[in-house]
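# Survey of secondary and tertiary structure
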Amino acid sequence: MLVTFDGMAAFAAVDPVPWARAQMAFTLMFHIILVPLGVSWAFMTLIANYRAVKHDDRDALLLAQRWSKYMAVTFAVGAVTGTVLSFEFGLLWPRFMGQWGAAFGVPFAFEGLFFFTEAIFVSIYIFGWRRLKPWAHFWTGVPIVLAGILGSVSVVAANAWMNAPSGFTLNAQGAVTAVDPVKVIFNDAMPLQAAHMVVAGYLVGGFLVASVYATGMLRGRVDRYHRLGFVIAFSVAAVATPIQMGVGDSLARWVYTNQPVKFAAIELVPVTGSDVPETLLGRLNDNGTVSGGIPIPGLASWLSDPSTGRSTVVQGLNTVPADAEPTVQQVDVVHLGWDAMVGLGTLLFLLSAWYGLSWIIRRRMPASRWFLRAAAASGVLAVITMEAGWIVTEVGRQPWIVYNIMKVQDAVTVNTGVWISFGAVVLLYLAVGVITILVLRGMSRRFRRAGGFVEHDAPYAPSAPPEETAPEPQEAVR
Amino acid sequence: MSAAVAVVLLLAVVTYSVFGGADFGAGFWDLTAGGADRGARPRAVIEGSIGPVWEANHVWLIFIFVILWTSFPEAYASITLTLFVPLMIAALGIVLRGVSFAFRKAVVRTRNRRVFGAAFALSSVLVPYCMGAIAGGIASGRVPPGGRAGDPVESWINPTSVVGGVLAVAAAAYLAAVYLVWDARGLHETDMAEYFRRRAVASAVVVVVIATVGAFVLHADARYLFDGLTSRALVVAILSGVCGAGALLLLVRGAARGARALAVVAVVAAIVAWGVAQWPYVLPEGLTFSAAAAPAGTLTAVLVVVALAAVVVLPGFVLLYVLDQRGLLPEEGVDDIADLLSEDALKQRSR
């Protein structure tokens with residue numbers, strides 16, 4: 001019996017570092033899918049809401065009402081997965097929180113404020129469809145948009161602080177003795193990283209919502225309602241995409257200057273030098289050489305600083321002291337993540353350009369079925385793009401949890417049972433994912449069943465309320 | 001300034017206990033409502049009362065964590081290192097609760113409903129038990145200072161933790177029962193109001209018994225806390241007892257409204273008594289709030305956020321709560337999978 005117990009204890013005692021990283025990565029990558037919806041869906045809803053009230057547009061009204069209800073569901077799921085994250089900061093990284101909580105934690109206090117505001121106004125906005133005057137109701141949606149942006153800026157400020165720690169004073173023992181909250185929040189990495197995430201929220205949210213309506217149109221539901229839903233969401237994404245390329249470019253140059261090791265991993269640069277090629281795909285070998293991939297001569301140097309062109313020197317992985325070096329595996333993950341983000345981002349940009357040109361030249365969205373097919377895929381592709389970018393920033397910081405100050409292995413919990421909690425978290429989150437999709441699909445089917453009549457109705461035609469959950473639309477558009 | 005933040009922390013714990021506690025307690029009555037047929041009606045009342053504010057109460061828990069890790073990071077590190085197991089169980093329990101609550105409504109077949117219902121009810125008991133056990137571990141001085149790990153097992157499986165856990169479950173059940181009497185009356189279900197009134201009285205008696213036993217356990221196992229409760233926190237502890245007794249009296253007489261107010265005051269006073277008794281320690285006899293406190297800049301930022309919250313968030317929250325209490329909030333989402341999996345889906349499957 002005792003032997004068995006010891007055996008089990010030994011079995012259960014597994015190095016917590018990889019499991020803690022895996023659990024944190026998994027829960028964050030799950031949560032981040034809900035973030036764009038929380039950040040940008042309210043904005044799209046308000047566009048529809050504005051159109052509905054201003055132009056007495058029944059389709060737009062229906063869209064706004066339905067979107068606000070989907071939004072409430074994704075918001076609730078985001079709240080639950082966010083609660084788990086707040087447990088995990090301490091449970092997985094107690095020594096990090098103990099040492100740096102006074103500085104790193106500050107942005108979260110503000111995030112809590114914005115999250116609370118968002119939660120309250122989401123409820124009031126949904127409630128208000130029945131009880132508030134149209135314009136008053138419209139304005140109760142505006143705080144959701146602002147709180148969504150400010151909330152994600154706060155969280156990203158905390159992450160940016162890990163990349164560019166500032167705003168604190170240490171004593172001889174390495175303990176934090178003074179904190180300047182303003183410098184913590186507005187750290188050097190924060191403006192670009194926050195902009196990159198907020199724009200990503202609009203980009204991914206727009207493509208996600210648009211892809212649902214593109215799929216609907218491919219299935220033959222080509223009515224004004226679906227077109228309007230598509231145009232609002234896709235236009236938001238199409239505006240966000242070129243902006244994102246500019247912001248991303250600036251951020252990459254910030255990384256080039258401030259986190260040369262991350263940049264070397266991104267560009268797969270083993271040895272410092274000029275005229276560095278941009279390697280597409282490919283991988284790093286254990287001996288420090290690069291194999292495979294398609295090198296584009298000099299491009300990485302040129303992009304890093306166009307003013308000095310191909311003679312720009314890019315620091316290589318060989319400059320890192322052995323104890324602070326990312327592993328070969330980590331470098332490969334960062335590089336592939338980068339390729340995926342830039343590659344898919346470029347595809348999404350081309351799709352946006354197609355859409356934009358069609359509007360400029362023909363004054364309508366592209367009619368091609370191939371465009372709709374690509375748009376239907378754009379939601380998933382945009383999520384993958386965002387996840388790839390998140391991987392670049394997180395894995396690219398390894399082995400540091402606080403850049404150049406504290407390593408991940410010094411931050412992790414001493415509890416050896418993390419692999420068990422990792423397994424449980426994965427199982428539970430899969431259930432959460434399934435439920436969320438079932439709930440959203442169920443709502444969509446119910447809406448369609450209840451509002452089916454309206455789809456064949458002439459727009460603007462007065463008729464009976466289209467569904468029981470959206471009563472008296474005529475009144476609401478007064 | 002660390003004292004001001006400590007007061008805010010205590011307020012957050014109180015708020016989470018009152019709002020979150022009632023939520024969990026409703027799950028307890030769900031668990032004990034009996035078989036599928038017999039328990040159908042009480043379960044309907046329970047679902048109605050927790051549906052609309054689905055999991056929103058966890059915001060208070062997040063708030064507690066944020067205050068701890070920003071303002072008292074050393075204590076936070078010690079707590080999460082030592083009490084890893086019950087905290088992780090609580091986190092998973094919170095997800096499981098949300099998941100199973102949504103799923104239960106989705107499935108039509110009684111057998112599956114039972115599985116998800118049981119998961120919902122069990123996690124509703126598990127989470128407050130863990131929270132109470134964690135409080136017991138901290139209050140009895142089993143979490144060492146200095147961001148070190150204490151005993152990973154004994155820190156939450158010990159006499160004070162058991163009392164804390166059981167008391168948390170019982171108090172949550174009591175609060176929920178008192179609220180449910182009110183809810184059932186609102187629904188004009190007089191027999192259900194009577195059903196929950198009897199349970200409120202019974203759970204009140206149980207809470208009194210546990211609290212009495214707990215006093216002896218604290219005397220032996222958590223002496224600092226016991227001494228605090230019988231000296232500087234005595235007035236608050238007595239207030240808790242008097243309000244509890246008053247609520248019990250009103251419940252027996254069937255005055256639900258007054259009973260609800262008194263029951264809330266009793267629970268609030270009990271938690272405040274704990275805080276006062278533990279003062280000035282965040283980890284009793286190991287680490288004081290002032291020693292654990294973050295630098296002044298951080299504490300100022302936290303207090304600024306609290307002030308902003310009081311101005312911006314509180315009015316909105318009160319409005320929401322009033323709307324919820326009047327049953328004016330729509331419940332979106334949970335009904336819809338039920339819809340999906342019922343008529344259409346079943347028809348398609350049978351084809």
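The structure reproduced in this document is the subject of the present report. (Residues numbered from 1 in each chain as written. Chains lettered and ligands numbered in written order. Predicted model: local features only at pLDDT ≥ 70, side-chain atom pairs only at ≥ 80, totals over all residues.)

### Quick word on the overall build of chain B
Defined as follows: A run of H or I in DSSP counts as a helix once it spans at least four residues, and a run of E counts as a strand once it spans at least two, with each numbered from the N terminus. Using C-beta atoms placed from the backbone, we call a residue buried if 20 or more other C-beta atoms fall within 10 Å of its own, exposed if 12 or fewer do, and partly exposed for counts in between. Residues are scored as being in contact if the C-beta atoms we place from backbone atoms lie within 7 Å.
Per the secondary structure count, chain B includes 15 helices and 2 strands. Counting across all 351 residues of chain B, residues that qualify as buried make up 57%. A sequence separation of at least 24 residues applies to 79% of the contacts in chain B between residues at least 6 apart.

### A look at helix α3 (residues 58–92) of chain A
Stated formally: Residue count minus one, scaled by 1.5 Å, sets the expected span of a helix.
Over its 35 residues, α3 of chain A runs 50 Å from end to end, which matches the ideal 51 Å to within 8%, given 1.5 Å per residue. Burial analysis of α3 of chain A places 34 of its 35 residues in the buried class, which makes it a mostly covered element.

### As for the nonpolar core
When a protein is soluble and globular, its nonpolar side chains tend to lie buried together. We apply this condition: Think of a nonpolar core as buried Ala, Val, Leu, Ile, Met, Phe, Trp, Tyr and Cys residues, each tied to the set through C-beta atoms within 7 Å.
Counting residues in each nonpolar core, the largest one holds 258 residues, and the members touching the most others are Y174, A176 and L180 of chain B. When residues of this core are assigned to their parent elements, the largest contribution, 20 residues, is made by α3 of chain A. Leave out the neighbours within four places in its chain, and Y174 of chain B touches G25, A200, S203, A204, V207 and A263 of chain B. Counting 24 residues, the second-largest nonpolar core is a separate cluster that includes V261, V276, V333 and M341 of chain A.

### Notes on unusual backbone geometry
In this structure, the amide linkage connecting Q398 of chain A to the following residue, P399 of chain A, adopts the cis form with an omega of 5°. Structurally, the position occupied by P399 of chain A is in the loop between α13 (369–395) and β7 (400–402). The peptide bond linking W279 of chain B to P280 of chain B adopts the cis configuration, its omega dihedral lying at 5°. Along the chain, P280 of chain B turns up in the loop between α11 (256–278) and β1 (281–283). Despite not being glycine, D275 of chain A has its phi angle at roughly 50°, a positive value. Tracing the backbone through its elements, the reader meets D275 of chain A in the loop between α10 (260–267) and β3 (278–280). The backbone phi angle of L281 of chain A is positive, close to 55°, even though this residue is not glycine. Within the secondary structure layout, L281 of chain A lies in the loop between β3 and β4 (283–284).

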